[in-house]
Amino acid sequence: MYVAFKEIRRSLGRFTLLSLAVALLVILLLFFQAVAGTLTSGLTGGLESSSADVLVYDVRARLNPANSLIPAPVITQVSESPDVAAVSPIGLSVFTGTTDGDEIDVQLVGGDPTGPSVPAEIADGRLPQGPGEGLFSGSGFDNPIEIGQTVSVEGIDFEVVGTADDAAFNLLPTLYVTFEDFTSASQNRAGIPIEVAPSLLGVIVVDGADPAEVAEQLTQSIVGIEALERPAAVDALPGVGQITQSFNILYVLLYIVVAIVTGVFFLILTVQKQDALVLLRAIGTGSRDVVTSVLIQVLVVVGAGAVIGTVVTAGLLQLTRDVFGASLDSTTTTLSVAAIVVLGLLASVGAVRRVLAIDPMQATRSGAI
Amino acid sequence: MPALEMSQVRKVYGADDQQVVALNDVDLTVDDDEMLILVGPSGSGKTTLLTVAGALLRPTSGSVKVGGVEITDLDDKEAARFRRDQVGFVFQSVNLVPFLTARENLLVVRQFGGSKIDGAAKKRADQLLDELGLGGRGDNLPSQLSGGQKQRVAIGRALMNEPPLVLVDEPTSALDSELGKQVMDLLRSEIKGRGVAAIIVTHDDRVLGYGDRQVQMVDGVLSSAAPATATTT
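Residues numbered from 1 in each chain as written. Chains lettered and ligands numbered in written order. Predicted model: local features only at pLDDT ≥ 70, side-chain atom pairs only at ≥ 80, totals over all residues. Heavy atoms only, no water.

1. Here we look at the overall build of chain B
Counted only if it meets this: Runs of E in the DSSP output that reach at least two residues are strands. Runs of H or I that reach at least four are helices, and both are numbered from the N terminus. Radius of gyration: C-alpha atoms only; globule rule: 2.2 Å multiplied by the number of residues to the exponent 0.38. Note on exposure labels: buried denotes an accessible area under 20% of the residue type's maximum, exposed denotes more than 50%, and partly exposed covers the range between, all computed with a 1.4 Å probe on protein chains only. Note on definitions: a residue-residue contact is assigned when non-hydrogen atoms from the two residues lie within 4.5 Å. Using a 1.4 Å probe, the Shrake-Rupley method yields the accessible areas, and only the shown protein chains count as cover for residues. Charged residues are defined narrowly, with Lys and Arg counted positive, Asp and Glu counted negative, and His plus the chain ends left uncounted. Working definition for charges: the position is that of NZ of Lys, CZ of Arg, CG of Asp or CD of Glu.
Helices and strands together make up the secondary structure of chain B, namely six helices and 11 strands. For 233 residues, the compact-globule formula gives about 17 Å, and the C-alpha radius of gyration of chain B, at 17 Å, lands near that figure. The principal-axis extents of the C-alpha atoms in chain B amount to approximately 50 × 40 × 35 Å. In chain B, which comprises 233 residues, the proportion classed as buried is 56%. Long-range contacts, defined here as pairs at least 24 residues apart, represent 70% of the contacts in chain B between residues at least 6 apart. Approximately 9,700 Å² of chain B is accessible, and the part contributed by carbon and sulfur atoms is 46%. Across chain B, 25 positive and 32 negative side-chain charges occur, with their mean positions spaced 6 Å apart.

So this is what it looks like as structure tokens:
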């Protein structure tokens, strides 16, 4: 440890540069993760946070909520199926609304506020209890609408009575209202009293029942529907897989760059100080002590880079909160930082192998030291 | 008990037709507080003898005892511990860790193997540097020291752990006459003052008179011992 820290102190410039390089990569990684998290949460949050255990689609919709329409008889069939405790229609449609005089796109989610059509948890306020009330949830890319504000959609004024976190659909400001209000807004937009069918059904299963088995049983027993347990429905949302895959490729590239930068730096460093390491081995330093010294330096440099990168990213995301509202997830951040430190240690295997290969006899060769 | 006993020590490099006998059944004893000068032409096996005595190299056969302890059967870890605790090395070329100051180059031998750099170690390092005429140079990096000063720091490092045996390889080869004399005066003074045994390998005639005894090595064979031919300082 003595030699490791003394060397860092005497070569502060080069070790600082490596730490800053690692910090830069950590900033990129965490920033991408925060943006990807906000993007996917804005797309999947509505289903992910739903109180429904199972979601029922029109089979022709191919698991795309925007294309799904559930005929009225299906609601009764699902309600009467085994292991089903509660069912709620879920109407989904994007409207143009106004709030504080500004036009906005707003996703209306119509359903039974006491049933499985609303988020499982609300952040503030309460669920809508009747006509003209709404529960708001925004994606990170929207300006928040607060409790007490009014959103007008197709001539209906909705007062926001509560808010929920991460429960938006389609990256849009999302308003959970009664199915009756949803129907009225749809009919007002059409200009005639059309029949409004729900896009999905939300189902709560009885205690002890397996949602996946219930979904399978519903799909098998009712013609024209496809039912999925909620996590599977989230994964099946259009575009989510592609976004996740694209970002995963970026993450892998960044992890590879971290490993290469760290590995090459410490390998070069070990080659440059080969003579000093030969001398230390010759005067009685065990190979384990020398390897420990290298690994301590890796930990310090990569760890410092990770900490700097995390702090800077948190600051940057705070500064850009009004732009897309992304923030660091503590679990993801901790895992990413741990992965980078472990990768740094693994990447130093070249340097460690070189240290282990040192022959202290080289100290006796003329000019070796 | 002698500081070093080598008995029928043989070191062979290579195999079959390519074999080179670096040490040919060498017998050598160095008493406590004896300063032995080992001379011989280049390639005669002097440095090999030094490295075998210091557990840097295992002999092909024979026995090597330091302080009565057989060192030929030590494994790598034990050999490293032996070198750290029982032997002080001064190598031929400048031999300091470049990113450690003169004081830290002395203290580094106390760091490894679970030891600690305590107040006593720092005091001893400062005392050694004072004795070596480097009292004001403790915080200098090797790059800020002259060749002679570096060699003195290396002597200090060799003595830091108070080893019973000091092995010195060509201490004056990189120094001019005046610096070489200064370093040898200092070396003899420190070694004799501490009552430790030392082997000094050299082919520099100026060094011959500094030892208590002088032996010559040719083609891996030690010739009869001869008393030192000159006195020092």
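That was the structure; now back to the text.
2. Thoughts on the side chain of Thr163 of chain A
Residue and element names in this part refer to chain A. Structurally, the position occupied by Thr163 is in strand β7 (residues 156-163). For Thr163, a relative accessible area of 16% puts it in the buried group. Not counting residues within four places of it along the chain, the set of residues in contact with Thr163 comprises Ile122, Ala123, Asp124, Leu135, Phe136, Ile145 and Ile147.

3. Some thoughts on the interface of chain B and chain A
For clarity, the threshold we go by: Summed over both partners, the accessible surface that disappears when two parts come together, traced with a 1.4 Å probe, is what is meant by buried area. For this document, the term salt bridge refers to a Lys or Arg side-chain nitrogen within 4 Å of an Asp or Glu carboxyl oxygen. Counted as a polar contact is a pair of N or O atoms within 3.5 Å, where, for protein atoms, one must be capable of donating a hydrogen and the other of accepting one, and residues adjacent in sequence contribute only when both atoms are in side chains. Each residue is assigned to one of three groups, with Ala, Val, Leu, Ile, Met, Phe, Trp, Tyr, Cys and Pro labelled nonpolar, Asp, Glu, Lys and Arg labelled charged, and all others, Gly among them, labelled polar.
The interface of chain B with chain A comprises 30 residues on the first partner and 24 residues on the second. Both faces combined, the contact of chain B with chain A buries some 2,400 Å², and carbon together with sulfur accounts for 68% of it. Broken down residue by residue, the surface that chain B buries against chain A is led by Phe91, Phe99 and Phe112 of chain B, which jointly contribute 28%. There are two salt bridges connecting chain B and chain A. One salt bridge connects Glu104 of chain B with Lys6 of chain A, and the closest N-O pair in it is separated by 3.1 Å. Taken together, chain B and chain A are joined by five residue pairs in polar contact (both at pLDDT 80 or more). Elements represented by at least two residues in the side of chain B that touches chain A include exactly α1 (46-53), α2 (76-86) and α3 (102-111) of chain B. No other element matches the five residues that α3 of chain B contributes to the side of chain B that touches chain A. Taken together, the residues that form the side of chain B that touches chain A break down as 17 nonpolar, eight polar and five charged.

4. Brief notes about the pattern of salt bridges
All names here are of chain A. Enumeration according to the criterion identifies 18 salt bridges over all chains in this entry. The salt bridge involving Glu7 is made with Lys273; its shortest N-O contact spans 2.6 Å. Placement of Glu7 in helix α1 (residues 2-10) and of Lys273 in the loop between α7 (240-272) and α8 (274-282) is noted, with a sequence separation of 266 residues between them. Each of the two residues, Glu7 as well as Lys273, counts as buried.

5. What about the sheet that holds strand β1 (residues 4-13) of chain B?
All names here are of chain B. Basically, it comes down to this: Pairing between two strands is assigned when DSSP locates at least 2 bridges connecting them. Axis lines are fitted to C-alpha atoms, over the contacting stretch for helices. Their N-to-C directions set the angle, which ranges from 0 to 180 degrees.
In spatial order, the strands read β2-β1-β4-β5; together these four strands make up an open sheet with antiparallel pairing. Both edges of this open sheet fall to β2 (20-30) and β5 (69-70), since each of them pairs with a single strand only. Strand direction decides the pairing type here: β1 and strand β4 (residues 61-66), joined by five bridges, are antiparallel. Residue pairing for β4: Ser7 is matched across the bridge by Ser63. Across the face of the sheet, α1 comes into contact with β1, β2 and β4 while running at roughly 120° to β1.

6. Considerations on the confidence of the model for chain A
The following threshold applies: Residue-level confidence of the predictor, termed pLDDT, takes values from 0 up to 100.
Looking at chain A, the pLDDT average stands at 90 and 98% of residues meet or exceed 70. Mean pLDDT values for the elements of chain A range from 71 in helix α10 (residues 321-324) of chain A up to 96 in helix α5 (residues 211-221) of chain A.

7. As for the pairing of strand β3 (residues 35-39) of chain B
All names here are of chain B. In terms of burial, β3 is a largely internal element, five of the five residues being buried. Judged by which residues are buried, β3 turns out to be covered on both faces: Met35, Ile37 and Val39 on one side and Leu36 and Leu38 on the other are all buried. Across five bridges, the pairing between β3 and strand β8 (residues 197-202) is parallel. Note that in β8 the partner of Leu38 across the bridge is Val201. As paired elements, β3 and strand β9 (residues 213-218) share four bridges and run parallel to each other. Among the inter-strand pairings, Ile37 is bridged to a residue of β9, identified as Gln214.

8. Considerations on the packing of helix α9 (residues 287-319) of chain A against helix α11 (residues 330-347) of chain A
All names here are of chain A. Operational definition: In these notes the angle categories are as follows: under 35 degrees is roughly parallel, over 145 is roughly antiparallel, 65 to 115 is roughly perpendicular, and the rest is oblique. Should the near helix be turned anticlockwise from the far one by less than a right angle, the crossing is left-handed, and should it be turned clockwise, the crossing is right-handed.
Contact geometry for α9 and α11: axes closest at 9 Å, N-to-C directions at 150°. In terms of their interaxial angle, α9 and α11 are classed as roughly antiparallel. Seen along the crossing, α9 lies across α11 with a hand that is right-handed. Seen from α9, the contacting residues are Leu295, Val298, Leu299, Val302, Gly303, Ala306 and Thr310; seen from α11, they are Thr333, Val337, Ile340, Val341, Gly344 and Leu345. Tallied by class, the residues present in the contact of α9 with α11 amount to nine nonpolar, four polar and no charged.

9. Some thoughts on a nonpolar patch on the surface
In plain terms, the rule: Surface patches are defined over residues having more than 30% relative accessible area and no salt bridge, joining like charges when they lie within 9 Å and nonpolar side chains (Val, Leu, Ile, Met, Phe, Trp, Tyr) when within 5 Å.
Taken together, the side chains of Ile249, Leu250, Val252, Leu253, Ile256, Ile260, Val264 and Ile268 of chain A make up a nonpolar region of the molecular surface, amounting to roughly 680 Å² of accessible area. In this structure, Ile260 of chain A sits in helix α7.

10. What to know about the pairing of β7 of chain A
All names here are of chain A. Buried residues dominate β7, accounting for six of its eight residues. With two bridges connecting them, strand β4 (residues 124-125) and β7 associate as antiparallel partners. By the bridge assignment for β7, Gly125 is matched with Gly162. Inspection of the sheet shows strand β5 (residues 133-137) paired to β7 by four bridges, in the parallel sense. Its bridge partner being in β7, Phe136 is matched across the sheet by Thr163. Alignment of strand β6 (residues 150-153) against β7, held across four bridges, turns out to be antiparallel. Across the sheet, the residue bridging to Val151 is Phe158, located in β7. Linking β6 to β7, which pair antiparallel, is a turn of two residues; within it Glu154 sits at a positive phi near 50°.

11. Re the nonpolar core
Our working rule: To form a nonpolar core, buried Ala, Val, Leu, Ile, Met, Phe, Trp, Tyr and Cys residues must be joined to one another through side-chain atoms within 4.5 Å.
In this structure, Phe266 of chain A together with Leu28, Leu49 and Ile199 of chain B are the most contacted members of the largest nonpolar core, which totals 118 residues. Ranked by residue count, the leading element in this core is helix α2 (residues 12-48) of chain A, at nine residues. Leu28 of chain B has contacts with Leu4, Glu5, Met6, Leu36, Leu49, Ile199, Arg213 and Leu222 of chain B, leaving out every residue within four places of it along the chain. Core analysis: the second largest hydrophobic core is formed by 21 residues, Tyr57, Leu63, Leu135 and Tyr176 of chain A among them.

12. Here we look at the environment of Ile340 of chain A
Residues and elements named next belong to chain A. Residue placement: Ile340 occurs in helix α11. With 318 residues separating them along the chain, Ile340 and Val22 place their C-alpha atoms 8.9 Å apart. Contacts of Ile340, omitting those with residues within four sequence positions, involve Val22, Val26, Leu29, Tyr255, Val258 and Val302.

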